[in-house]
Amino acid sequence: MNYRSVSRCFGAAAVLWLAAGPAAPAWLAARPAPQDPSTLVDRVVAVVGDTAILQSELQEFIFSLQAQGMQLPQDPGEQTAFVEEALDQKVNQTLFYIHARREGVTVSDAEVDDMVEQQHAGIRRQFASEIEFQQALLGQGMTAAEFRMRLTEQARVQLTTQRFLQQRASELQPVPVSEEQVRERFEEMLPGLGPKPAFVSLKQVIIAPRPSEDELLRTLEKAEQALSRVRSGEDFAVVALELSEDPASKANGGDLGWVRRGQLLPEFEEKLFSMRVGEISDPVETSVGYHIIRLDRVRGPERLARHILVRPGLAEEDAETTRLLAEDVVAALLDGTDPDSLIEQYGDKGERGVLENFPQERLPPGYSEVLEGASDGDVVGPFLLPMQGVPGGGKWVVALIEHVSPAGDWTLEDAREQIRQGLEQDGVIEQIVGDLRALTYIETRLEGFPYIESPRG
């Protein structure tokens with residue numbers, strides 16, 4: 001990324017949060033090694049209202065930009081301009097948080113904990129081992145507890161700032177954007193975009209094989225027998241080891257570990273997050289069978305739970321019935337039936353029914369063949385989507401292709417709407433920044449670029 005594109009990178013997205021905290025190992029690796037405290041000299045590089053921004057805080061901000069892929073310019077003059085722009089955005093960030101607190105904008109501890117857990121898990125996954133991760137922290141003079149505390153502080157600032165900006169933006173009219181502005185932004189972005197992958201937008205009905213009603217009744221009876229045993233005092237883990245048909249948790253006595261929303265089947269998740277600690281659920285039906293759930297502990301947005309899964313059997317005629325149902329869905333789409341109604345009626349609730357501008361290379365195996373040669377408006381399928389653990393070996397898919405964008409060079413048409421929305425957001429953010437700066441004393445103290453902004457009006 002060269003300097004000419006730097007100013008655009010400090011647009012609305014950067015304002016909303018470029019300093020989101022350590023998002024990758026680069027944040028840990030980029031920082032210089034700890035120095036002798038006696039040689040450290042920190043200084044104030046800006047004052048926003050009654051809040052000082054230290055040189056070390058500006059350095060951390062720049063490190064976070066590097067961790068997100070932004071390269072510092074090599075030319076000394078461009079470096080100076082880059083640092084000045086970075087400080088300006090750090091000032092804006094501080095400005096937003098100050099006014100958010102003044103206006104009483106708050107976020108819950110659960111929201112903060114949720115963000116911290118996601119960030120911490122994302123960073124940890126990029127290290128080969130826990131030892132390597134801990135060594136990286138120690139190399140920067142931090143313990144695991146200090147690192148988590150830093151993430152927590154940053155998450156609270158980030159969420160508070162986002163909520164404040166959303167509230168302010170909702171009070172303003174969208175800023176008009178001309179076609180010339182859209183074209184100019186696209187031309188600035190184009191050199192850094194790289195080749196365009198193939199994209200597809202579609203609506204799909206994904207149908208999971210369903211056993212007969214008699215088989216479901218027999219399976220429910222087995223689940224209720226397991227429930228009776230654990231509620232009568234038998235060890236849940238022992239019963240799970242004996243009866244559960246979940247290969248991922250059976251050997252551990254049904255232990256699912258710490259889980260959060262978005263990781264579970266919808267019906268399972270809805271029940272689990274409504275339970276009290278120690279409670280054992282009635283049988284919960286999902287697309288894979290009946291579950292007996294026990295909630296063991298709660299930690300912020302996470303739940304520690306065990307379950308017993310009893311799966312129904314699937315006969316050949318059941319799998320064939322599912323395939324025939326998929327054929328009926330094809331016919332309905334060809335007759336003009338609303339795809340959303342078919343997704344609601346027949347689609348597996350655990351699967352996404354709508355994909356918009358989705359990279360084709362990220363689709364599961366099975367899609368590539370049916371999408372080859374497909375055009376806008378085509379109905380494709382039914383085709384089998386192989387899935388381990390699903391009765392019948394997988395689910396049947398029927399899709400209505402709304403738009404296919406082949407791989408190649410980016411065009412303005414590909415990005416026009418996204419760019420327009422981004423420019424509108426930039427304009428709204430600039431209005432908010434201008435209003436807040438007019439009310440706030442701001443002084444920057446970068447060597448060679450001193451200037452003072454005082455409250456106006």
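Residues numbered from 1 in each chain as written. Predicted model: local features only at pLDDT ≥ 70, side-chain atom pairs only at ≥ 80, totals over all residues. Heavy atoms only, no water.

Asks: Provide a residue-level description of the pattern of salt bridges, including the pertinent values.
Replies: For the structure shown, the criterion picks out 27 salt bridges. The shortest N-O distance in the salt bridge between Glu-242 and Arg-229 comes to 2.8 Å. Of this pair, Glu-242 sits in helix α11 (residues 236-243) while Arg-229 is found in helix α10 (residues 213-231), placing the two residues 13 residues apart along the sequence. Look at Glu-242 and you get partly exposed, because its relative accessible area is 47%. With relative accessibility at 23%, the residue Arg-229 sits in the partly exposed group. One salt bridge in this structure joins Arg-261 and Glu-269, with 4.0 Å as the shortest N-O distance. A relative accessible area of 14% means that Glu-269 is categorised as buried. Salt bridges sharing partners connect three or more residues here, namely Asp-114, Arg-260, Arg-299 and Glu-302. (Salt bridge = Lys/Arg side-chain N within 4 Å of Asp/Glu carboxyl O. Helix = DSSP H or I, 4+ residues; strand = E, 2+ residues; numbered from the N terminus. Buried < 20%, exposed > 50% of the residue type's maximum accessible area, 1.4 Å probe, protein only.)

Asks: Break down the pairing of strand β7 (residues 302-310) for me, citing the residues and quoting the values.
Replies: Within β7, nine of the nine residues are buried, leaving the element largely enclosed by the surrounding structure. Neither face of β7 is exposed, since Glu-302, Leu-304, Arg-306, Ile-308 and Val-310 on one face and Arg-303, Ala-305, His-307 and Leu-309 on the opposite face are all buried. The pairing of strand β4 (residues 255-259) with β7 spans four bridges and is classified as antiparallel. Each residue of the ladder has a partner; that of Val-259, found in β7, is Arg-303. Pairing of strand β6 (residues 289-299) with β7, which is carried by nine bridges, proceeds in the antiparallel orientation. (Pairing = 2+ DSSP bridges.)

Asks: Run through the side chain of Thr-286, naming residues and quoting values.
Replies: Among the structural elements, Thr-286 can be located in strand β5 (residues 284-286). Setting aside chain neighbours within four positions, we find Thr-286 in contact with Leu-265, Glu-267, Phe-268 and His-291. (Contact = heavy atoms within 4.5 Å.)

Asks: Describe in detail unusual backbone geometry, supporting the description with residues and values.
Replies: The omega torsion across Gly-381 and Pro-382 is 0°, close enough to zero to call that bond cis. Along the chain, the position of Pro-382 falls in strand β9 (residues 379-386). Here Asn-357, not a glycine, exhibits a phi torsion of approximately 45°, which is positive. According to the relative accessible area criterion, Asn-357 is partly exposed, its value standing at 42%.

Asks: Outline the nonpolar core, supporting the account with residue identities and numerical values.
Replies: Grouped together as the largest cluster of nonpolar side chains are 27 residues, with contacts concentrated most on Val-48, Leu-58, Leu-87, Val-91, Phe-96, Phe-164 and Ile-432. Of all the secondary structure elements, the ones that give two or more residues to this core are β1 (44-48), α4 (55-67), α5 (76-102), α8 (144-170) and α16 (412-439). Considering each element in turn, this core owes the most residues, eight residues, to α5. Dropping the residues within four chain positions of it, Phe-164 is found in contact with Phe-96, His-99, Ala-100, Glu-103, Val-105 and Leu-436. Listed in part, the 16 residues of the second largest apolar core include Leu-355, Tyr-367, Ala-374 and Val-404. (Core = buried A, V, L, I, M, F, W, Y, C linked by side-chain atoms within 4.5 Å.)

Asks: Run through the packing of aromatic side chains, naming residues and quoting values.
Replies: Scanning the model with the defined rule gives four aromatic pairs in all. Measuring from ring centre to ring centre gives 5.3 Å for Phe-127 and Phe-133, while their planes differ by 50°; the resulting arrangement is tilted. Per residue, the accessibility class of Phe-127 equals that of Phe-133, and both read buried. Plain terms: the ring middles of Phe-199 and Trp-410 are 6.0 Å apart, the flat faces sit at 55° to each other, and that makes the pair tilted. Remark: Trp-410 occurs in the loop between β10 (394-405) and α16 and Phe-199 occurs in strand β3 (residues 199-207); sequence separation between them is 211 residues. Given a relative accessible area of 22%, Trp-410 falls into the partly exposed group. (Phe/Tyr/Trp six-rings, centres within 6.5 Å; stacked < 30°, edge-to-face > 60°.)

Asks: Describe the sheet that holds β3, naming the residues involved and giving the relevant values.
Replies: Taken in spatial order, the four strands line up as β8-β3-β10-β9 in an open sheet, and their pairing is antiparallel. Strand pairing shows two members of the sheet lacking a second neighbour, β8 (354-359) and β9, which therefore form its edges. Each strand axis lies, on average, 35° off the axis of its neighbour in the sheet, ignoring direction. Sheet topology note: the β3/β8 ladder contains four bridges and is antiparallel. Paired with Phe-199 across the two strands is Pro-359, which belongs to β8. Of the strands in this sheet, β3, β9 and β10 are in contact with helix α13 (residues 316-334), which crosses β10 at around 25°. (Axes fitted to C-alpha atoms, helices over the stretch in contact; angles between N-to-C directions.)

Asks: Describe the pairing of β10, and please don't skip the residues or the numbers.
Replies: By the criterion of burial, β10 is predominantly enclosed, with 10 of the 12 residues buried. As judged from the nine bridges shared by β3 and β10, these two strands associate in the antiparallel manner. Looking at β10, one finds that Leu-202 is bridged to Ile-401. The sheet contact formed by β9 and β10 spans six bridges and is antiparallel. Bridged to Pro-386 within β10 is Gly-394.

Function-wise, these values are silent; they only describe arrangement.
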